[in-house]
Number of protein chains: 2
Amino acid sequence: MAAQIEETLKRIQTSDGVIGFVIVSNADGIPIKSNMDDAMSVRYAGLVHQLTATSQVEIQKDDPNDKLTYLRLRTKHNEILVIPDKHYTMVVIQKPTGSRSPM
Amino acid sequence: MAAQIEETLKRIQTSDGVIGFVIVSNADGIPIKSNMDDAMSVRYAGLVHQLTATSQVEIQKDDPNDKLTYLRLRTKHNEILVIPDKHYTMVVIQKPTGSRSPM
């Protein structure tokens, strides 16, 4: 299983436009694995922890049985993909791709 | 210009899987146009207003010159697309499409 995770991380890191990744502990928002420097990892971990917490609260206000499964943020400079799981959240930072919206 | 907006909204509403849309005023989070009932419009407007505000604050902590241009949330039941502009934010609610992540 660990080998599978390493394989996936390797695939992500070598994908076009990927700047970095960080895996964040859901319990405390601390980065537990990352390929970026400490300052960047902590920064993105904090950002994502705050955003997923707010999203969860807002979504469950609407429907207590619903749950965030995926979050994608685009800014002028970056695109941040967030995939929360039970204990950890995967965060990938990449250069913005294609058009602004896939609609 | 107004006709162009109406045309775009019509196109969105008739797209596959679209549940509804709401246009939210950035100043106060109030829905100014929607094709859903009042309760739903107010609920999504509130959710999105809260999320985009949090996102902006977090993004600008990281880089004061950066700005949210697009936000996509997937939950177990819905997918919410958020496109903020200067004065208004466009929100489209649709049924989740395809796989969990486009990565």
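Residue indices begin from 1 for each chain and proceed along its sequence in written order. In the order they appear in the text, chains get letters beginning with A and ligands get numbers beginning with 1. Reporting of local features is limited, given that this is a predicted model, to residues whose pLDDT is at least 70; pairs of side-chain atoms are given and counted only at 80 or more, and all residues count toward the totals for whole chains, interfaces and linings. Note: side-chain values were computed over all heavy atoms of the structure, leaving out hydrogens and water.

## Quick look at the pairing of strand S4 (residues 79-84) of chain A
All names here are of chain A.
- A large share of S4 lies buried, amounting to 6 of its 6 residues.
- Three exposure classes are used, based on accessible area relative to the maximum for each residue type with a 1.4 Å probe and protein chains only: buried under 20%, partly exposed in between, and exposed over 50%. For the purposes of this entry, the term helix denotes a DSSP run of H or I that reaches at least four residues, the term strand denotes a run of E that reaches at least two, and both are numbered from the N terminus. Both faces of S4 are covered, namely the face carrying Glu79, Leu81 and Ile83 and the face carrying Ile80, Val82 and Pro84.
- At least two DSSP bridges between two strands are needed for those strands to be called paired. Two elements, strand S3 (residues 68-75) and S4, share 4 bridges in a ladder whose sense is antiparallel. Each residue of the ladder has a partner; that of Arg74, found in S4, is Glu79.
- Between S3 and S4, which pair antiparallel and follow one another directly, the connecting turn spans 3 residues.
- Between the end of S4 and the start of strand S5 (residues 88-94), which pair antiparallel, lie 3 residues.

## Details of the relation of the copies chain B and chain A
- The fit set for superposing copies consists of C-alpha atoms from residues with pLDDT of at least 70 in both; the fit itself is least squares. Expressed as a screw transformation, the operator carrying chain B onto chain A has a rotation angle of 180° and an axial translation of 0.0 Å, and the superposed copies differ by an RMSD of 0.0 Å. Both copies of the chain, as the preceding transformation shows, are related through a two-fold rotation axis. Judged by C-alpha distance, Arg72 of chain B is the residue of chain B that lies nearest the rotation axis, at 2.5 Å.

## As for the UniProt feature "domain: Roadblock/LAMTOR2" (unreviewed entry) in chain A
- Look at the UniProt record and you will see "domain: Roadblock/LAMTOR2" (unreviewed entry) annotated at residues 5-94 of chain A.
- Summarising residues 5-94 of chain A: 38% helix, 37% strand, and an end-to-end C-alpha distance of 19 Å. UniProt positions are given in the numbering used here, feature names are shortened, and annotations may be inferred rather than shown by experiment.

## So, the interface of chain B and chain A
- Any two residues having at least one pair of non-hydrogen atoms within 4.5 Å are treated as being in contact. Each partner contributes to the interface: chain B provides 35 residues, whereas chain A provides 35 residues.
- Buried area is understood as the total, over both parts, of accessible area removed when two parts are fitted together, assessed with a 1.4 Å probe. For the pair chain B and chain A, the summed buried surface comes to about 3,300 Å²; carbon and sulfur atoms form 62% of the total.
- Should a side-chain nitrogen of Lys or Arg be within 4 Å of a carboxyl oxygen of Asp or Glu, the pair is scored as a salt bridge. Taken together, the connections running from chain B to chain A amount to 0 salt bridges.
- Elements represented by at least two residues in the side of chain B that touches chain A include exactly helix H2 (38-62), strand S3 (68-75) and strand S4 (79-84) of chain B.
- A total of 11 residues in the side of chain B that touches chain A trace back to one element, the largest contributor, which is H2 of chain B.
- Pairing of S3 of chain A with S3 of chain B involves 7 bridges; the strand directions are antiparallel. Each residue of the ladder has a partner; that of Leu71 of chain A, found in S3 of chain B, is Leu73 of chain B.

## Thoughts on the pattern of salt bridges
- The final tally for this structure, using the stated rule, is 8 salt bridges over all chains.
- Measuring nitrogen to oxygen at the nearest pair gives 3.2 Å for the salt bridge that ties Lys61 of chain A to Glu58 of chain A. Placement of both Lys61 of chain A and Glu58 of chain A in helix H2 (residues 38-62) is noted, with a separation of 3 residues, approximately one turn of the helix.
- Overall, the relative accessible area of 63% leaves Lys61 of chain A in the exposed class.
- Here Arg74 of chain B ties to Glu79 of chain B by a salt bridge, and the two come within 2.9 Å at their closest N and O atoms.
- Taking the relative accessible area as the measure of exposure, Arg74 of chain B reaches 7% and is therefore buried.
- Judged by relative accessible area, which is 0%, Glu79 of chain B ranks as buried.

## Digging into the side chain of Arg74 of chain B
- Mapped onto the elements of the fold, Arg74 of chain B is located in strand S3.
- In protein, a polar contact requires one atom able to donate a hydrogen and another able to accept it; more generally it is a pair of N or O atoms within 3.5 Å, and residues adjacent in sequence count only if both atoms are side-chain atoms. Of the polar contacts made by the side chain of Arg74 of chain B, one reaches the side chain of Glu79 of chain B; its length is 2.9 Å.

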